Amino acid sequence: MTKVEIQVAENGPNLVMVDGKVAAALCRCGHSSKKPYCDGAHRAAGFKADVANIPVVS
Ligand code: FES
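Residues numbered from 1 in each chain as written. Predicted model: local features only at pLDDT ≥ 70, side-chain atom pairs only at ≥ 80, totals over all residues. Heavy atoms only, no water.

So, unusual backbone geometry
Put simply, Lys35 and Pro36 share a cis peptide bond, and its omega is 15°. When you line up the elements, Pro36 lands in the loop between strand S3 (21-26) and helix H1 (41-45). For Asp19, which is not glycine, the phi dihedral falls at a positive 50°. Topologically, Asp19 is positioned in the loop between strand S2 (14-18) and S3. (Helix = DSSP H or I, 4+ residues; strand = E, 2+ residues; numbered from the N terminus.)

Shown next, in the form of structure tokens:
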């Protein structure tokens, strides 16, 4: 069975993990020019946010 998780990176994007590998990095800072994907703009923007892991039932 495929394992899907969302990992919330400290000061960065939401990472969609499929079987332990990053399948997509989704912007949560609002500064990406490639929304919904993270383009790294959170670093220059000084985005600060906590870490969390969110299990996804599939
Ligand atoms: S979280 Fe990386 S650009 Fe928004």
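As for the environment of Thr2
With respect to the helices, strands and loops of the structure, Thr2 is situated in the segment before strand S1 (4-8). Thr2 gets classed as partly exposed once you look at its relative accessible area, which sits at 41%. As for Thr2 and Val18, which are separated by 16 residues in sequence, their C-alpha atoms are 6.9 Å apart. (Buried < 20%, exposed > 50% of the residue type's maximum accessible area, 1.4 Å probe, protein only.)

Considerations on the environment of Leu15
Examined against the element boundaries, Leu15 turns out to sit in strand S2. Under the relative-accessibility criterion, Leu15 is labelled buried at 19%. In this structure, the C-alpha to C-alpha distance between Leu15 and Tyr37, residues 22 residues apart in sequence, is 9.8 Å.

Remarks on the side chain of His42
Its location among the elements puts His42 in helix H1. Given the relative accessible area of 10%, His42 is considered buried. Those residues within four positions of His42 in sequence are excluded, and the remaining contacts are Asn11, Gly12, Pro13, Cys29 and Phe47. (Contact = heavy atoms within 4.5 Å.)

A few points about the pairing of S2
The sheet contact formed by S1 and S2 spans five bridges and is antiparallel. Looking at the pairing, Glu5 lines up with Met17 of S2. Once S1 ends, the chain turns through five residues before running back antiparallel as S2, passing Asn11 with a positive phi of about 60°. By the bridge criterion, five bridges tie S2 to S3 in an arrangement that is antiparallel. Residue pairing for S3: Leu15 is matched across the bridge by Ala25. Hairpin remark: S2 followed by S3, antiparallel, with two residues in the connecting loop; positive phi at Asp19, about 50°. (Pairing = 2+ DSSP bridges.)

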